[in-house]
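Structural features, examined
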Amino acid sequence: MGALRLLLTALALALAAAGARAELAADAVHDLPGDPERGAGLWRLCQSCHALGEGARNRVGPHLNELFGRRAATVAGYRYSKDMRRAGADGLTWTADTLHVYLENPRSLVTGTRMAFRGIPEEADRADLIAYLRRFSASPRDIPEAAPTAPPRDPDVAPAILAIEGDPAYGEYLAGECVTCHQASGTDEGIPSITGWPERDFVTALHAYKNRHRPHPVMQLIAGNLSEEEIAALAAFFRGVD
Amino acid sequence: MRVTRRRLIGSAAAGAAALAAPAAIGAARPHVVVIGGGAGGATAARYLARDGKGAIAVTLVEPTRTYHTCFFSNLYLGGFRTLESIAHSYGRLAAMGINVVHDWAVGIDRDTRTVALAGGGSLGYDRLIVAPGIDFRWDSVPGHGIAAQNAMPHAWKAGSQTELLKAQIASMPEGGVFAMVAPPNPYRCPPGPYERVSMVAHQLSRTNPTAKIMIFDPKPKFSKQALFEEGWAAHYPGMIEWLEPDFGGRIDEVRPDAMEIVSDGEAVKVDVANVIPAQKAGRIAEIAGLADASGFCPIVPATMQSRMDPAVHVLGDATIAGDMPKSGFSANSQAKVAAMAVRAALTGSTAFPPRFSNTCWSLIATGDGVKVGARYEATEEKIAKTEGFISQTGEDAELRRQTYEESLGWYAGITADIFG
Ligand SMILES: Cc1cc2nc3c(=O)[nH]c(=O)nc-3n(C[C@H](O)[C@H](O)[C@H](O)COP(=O)(O)OP(=O)(O)OC[C@H]3O[C@@H](n4cnc5c(N)ncnc54)[C@H](O)[C@@H]3O)c2cc1C
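What counts and how
Residues numbered from 1 in each chain as written. Chains lettered and ligands numbered in written order. Predicted model: local features only at pLDDT ≥ 70, side-chain atom pairs only at ≥ 80, totals over all residues. Heavy atoms only, no water. Helix = DSSP H or I, 4+ residues; strand = E, 2+ residues; numbered from the N terminus. Rg over C-alpha atoms; globule rule 2.2 N^0.38 Å. Buried < 20%, exposed > 50% of the residue type's maximum accessible area, 1.4 Å probe, protein only. Areas by Shrake-Rupley, 256 points an atom, 1.4 Å probe, with all protein chains shown as cover. Lys, Arg positive; Asp, Glu negative; His and termini not counted. Charge placed at Lys NZ, Arg CZ, Asp CG, Glu CD. Near = heavy atom within 4 Å. Polar contact = N/O pair within 3.5 Å; in protein donor to acceptor, adjacent residues only side chain to side chain. Nonpolar A, V, L, I, M, F, W, Y, C, P; charged D, E, K, R; others polar. Domains from an automatic or database assignment. Pairing = 2+ DSSP bridges. Contact = heavy atoms within 4.5 Å. Buried area = accessible area lost by both parts, 1.4 Å probe. Axes fitted to C-alpha atoms, helices over the stretch in contact; angles between N-to-C directions. UniProt positions renumbered as here; feature names shortened; annotations may be inferred. pLDDT = per-residue confidence, 0-100. 1 Å grid on protein atoms, 1.4 Å probe; cavity = no way out; pocket = protein on both sides within 12 Å on 5 of 7 lines; lining within 4 Å. Points joined across faces, edges and corners; volume = space filled by probe spheres on them.

A word on the overall build of chain B. Scanning chain B from N- to C-terminus turns up 10 helices and 25 strands. Compactness check: chain B gives a C-alpha radius of gyration of 22 Å against a globular reference of 22 Å for 420 residues, within 12% of the reference. When each of the 420 residues of chain B is scored for burial, the buried share is 57%. Here chain B displays about 16,300 Å² of accessible surface, and carbon together with sulfur accounts for 53% of that area. In chain B, the 40 positive side-chain charges and the 41 negative ones have mean positions that sit 10 Å from each other.

Residue and element names in this part refer to chain B. Around the ligand, the structure places 34 residues, and the nearest of them are G40, E62, Y67, R188 and D317. A distance of 2.7 Å separates an oxygen atom of the ligand from a polar atom in the side chain of D317. F329 is positioned such that a nitrogen or oxygen atom in its backbone is 2.9 Å from an oxygen atom of the ligand. Alone, the ligand offers 1,000 Å² of accessible surface; in the complex the protein occludes 94% of this. The set of elements that each furnish at least two residues to the shell around the ligand consists of α2 (39-52), α3 (73-77) and α9 (328-347). Residue contributions to the shell around the ligand peak at three residues, all from α9. A breakdown of the residues in the shell around the ligand according to their chemical character gives 18 nonpolar, 10 polar and six charged. Here the shell around the ligand spans two domains, since at least three of its residues come from each of domain 1 (12-135 + 279-353) and domain 2 (142-275).

What follows covers the pairing of strand β19 (residues 297-300) of chain B. Residue and element names in this part refer to chain B. With two bridges connecting them, β19 and strand β22 (residues 319-320) associate as parallel partners. Residue pairing in the sheet places P298 in a bridge with I320 of β22. In this antiparallel pair of consecutive strands, β19 and strand β20 (residues 305-306), the connection spans four residues, and M304 shows a positive phi of 65°.

The next thing to look at is the domain arrangement of chain B. Think of interface size as the accessible area that goes away when the parts come together; that is how it is often given. Residue and element names in this part refer to chain B. As assigned here, chain B comprises domain 1 (12-135 + 279-353) and domain 2 (142-275). For domain 1 and domain 2, the distance between their C-alpha centroids amounts to 32 Å. Contacts between the two partners involve 20 residues from domain 1, matched on the other side by 21 residues from domain 2. Together, N74, L77 and Q279 form the three largest contributors to the area buried by domain 1 at its contact with domain 2, with a combined 34%.

Here the focus is the sheet that holds strand β24 (residues 368-378) of chain B. Working definition: the strands of a sheet are paired by backbone hydrogen bonds and lie parallel or antiparallel to each other. The sheet built from three strands is open, its strands ordered β23-β24-β25 (chain B) with antiparallel pairing. At either end of the open sheet lies a strand with only one pairing partner, and these are β23 (356-365) and β25 (383-390) of chain B. Sheet twist, expressed as the average angle between the axes of neighbouring strands with direction ignored, equals 20°. In the sheet, β24 of chain B pairs with β25 of chain B via seven bridges, with the strands oriented antiparallel. Bridge assignment links R375 of chain B to a residue of β25 of chain B, and that residue is E387 of chain B. Sheet strands touched by helix α12 (residues 217-224) of chain A: β23, β24 and β25 of chain B. Its angle to β25 of chain B, the strand with the most contacts, is close to 145°. In this fold helix α7 (residues 225-235) of chain B packs onto β23, β24 and β25 of chain B, with an angle of close to 15° to the strand it touches most, β23 of chain B.

The next point concerns the UniProt feature "domain: Flavocytochrome c sulphide dehydrogenase flavin-binding" (unreviewed entry) in chain B. Sites flagged by UniProt as "domain: Flavocytochrome c sulphide dehydrogenase flavin-binding" (unreviewed entry) map to residues 353-419 of chain B. For residues 353-419 of chain B, the end-to-end C-alpha separation is 25 Å, with 34% helix and 43% strand making up the annotated structure.

Let us look at the UniProt feature "domain: Cytochrome c" (unreviewed entry) in chain A. Residue and element names in this part refer to chain A. Those residues carrying the UniProt feature "domain: Cytochrome c" (unreviewed entry) are residues 34-137 and 166-242 in this numbering. With 43% helix and 0% strand, the stretch residues 34-137 has end C-alpha atoms that lie 16 Å from each other. Spanning residues 166-242, this segment combines 56% helix with 0% strand, and its end C-alpha atoms are found 18 Å apart.

Right, let's talk about the confidence of the model for chain A for a bit. Within chain A, residue pLDDT values average 85, and 80% of them lie at 70 or more. Across residues 1-30 of chain A, where pLDDT falls below 50, the model places 29 contacts with residues more than four positions away in sequence or in other chains.

Below, the discussion takes up empty space enclosed by the protein. Gaps left between atoms are located by rolling a probe of water-molecule size over the structure's atoms. Inspection of the entire model under this criterion finds six cavities of 30 Å³ or more. Taken as a whole, the largest cavity encloses approximately 50 Å³ of empty space. As for the largest cavity, its lining consists of V218, L221 and I222 of chain A together with F329, S357, N358, T359, A374, R375 and F389 of chain B. The set of elements that each furnish at least two residues to the lining of the largest cavity consists of α12 of chain A together with β23 and β24 of chain B. The residue makeup of the lining of the largest cavity, split by class, is six nonpolar, three polar and one charged.

Below is the structure:
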């Protein structure tokens, strides 16, 4: 982000400071590389389902006040999908990074999420919207810049990776490791079914573990040891299992 | 990466050509004998039969008709599972063409490549897979022994021993003492004794809340210790006493007739004594000369071949598996590596690089599950750990509940993978 953009952000902040949630915004938004004013305009993408600000209630989706640092699926009185609850239990917490991933493609982070939203492809748009949402969170007071070990901001699985054609025979061999936990019959008795998925979703989900966007340690370990070719092979194999 | 893939596809094609050859000349199918139908052996038999697509004849030798998994047998003690729910039979393996022979292997002639059966028959093999699990060093606990195993059960092979232990716990007097003599390393299922204590405590806290549990331990530390100790303090305060070796844990002897455990010269009277002796590879491995001085079997990591004989593969608890713990998960993982190596050797199919992993869940109390896991690679010398993870102390209830739910999913998954 250039100096000019920073300055503009600071200006926007100063303006916002005149508003209702002045103290919050003043020291918090600093850390987020985005233009909250522009983000306010993008909020219309969410508005049909979510409420924000004073008196916000749960609607189609949960209210988004105090979102930063909030564990996923923890707003009282809201009925989340099973997968969102699983992600929350695993430790998924809303930060600028996880919001980037979720808003880019909700299902890449949470397979069975009930949020029927296509996603925001432009990173700059997401950053602006996230900066805006940040205004409605008091805590944590400081959002540290991404730690050196933090996952990359850009959640996209590169088209070149999605285009790799998997070798199902190799996938069948690799699948031996998976079916100790994921039943080959596709039954879910506590571990989700992974059979018959569209390859694209399968590849995206495994990369979300590999990149550590999804929090689960077992799957992070497993996906972390799979190459892009191997992930494609597994996707091709499991696609055909039903 | 693309190069790698092409290479793999190329070698697969070469493998297929090699496979075609013997079939074309109508040679007899190669025969693999698997000794032991547990987590390791049954998986190996199933993968050989399935992936060999009929090219390999598979015989599985297993004395019992019903295999009770040790995994989740602690949950049976805790009242979370029935005994039937951890029982498995061999019908589906037989249905896929595996010749299941319910008998004991009593000898292996490695020169003539034959296995002798207790029932009198013998089986020739091209490759042999030996997965007999563990046997006990009956002399490891003075005063104990095979004759004392009903008075002081080990329940470290699941089934009637586990039932017996459960019945003994149920008939403990009010405020009585349950004692465990924990095994020294290496042994089957490192967190198992401590999961067992948790499950016994869970059961007692409902039926006999003033009862006490004592663990006599020859080891100064144990698997997932911080997690167990945290859980015991939270769920069963004041009930469990862990005695480390220098503070009474190292015992002098047990007295099955008097139901006493003697440590530091002092006899403690107990109501139930769960004595888990030191362990070694199942006896057949020893008889066949596959074990070394440690009592376990050295293997070549990449293929699970015996270091004593390349025509024999050894799996599971019977092996010296380097950094891999003795677990059902490990045995299942090793079995797939061995099955691939055997298939490649006998039919020329592709041998992909071996992959090893393990995860062990333990249940501490209702909905309080924890896990530990790792990945491994085959080096020349051993199966070496590459990276791992473990549950953390202080995790919230939601995560622990989910970890428990996962373990249920895993049990259903692995038993389907082992027995079909
Ligand atoms: C209380 C407890 C809890 C456990 N919990 C877990 C857990 O949560 N997760 C986990 O992964 N692991 C767990 N384990 C460990 C797991 O049970 C073992 O590591 C696993 O069973 C090892 O598999 P195996 O094939 O080597 O041996 P086994 O499963 O013991 O199979 C050996 C088989 O060989 C047969 N056999 C022996 N000798 C002969 C012979 N001469 N001829 C023919 N057949 C023979 C036996 O009858 C037996 O069926 C637990 C163990 C215990 C005791």
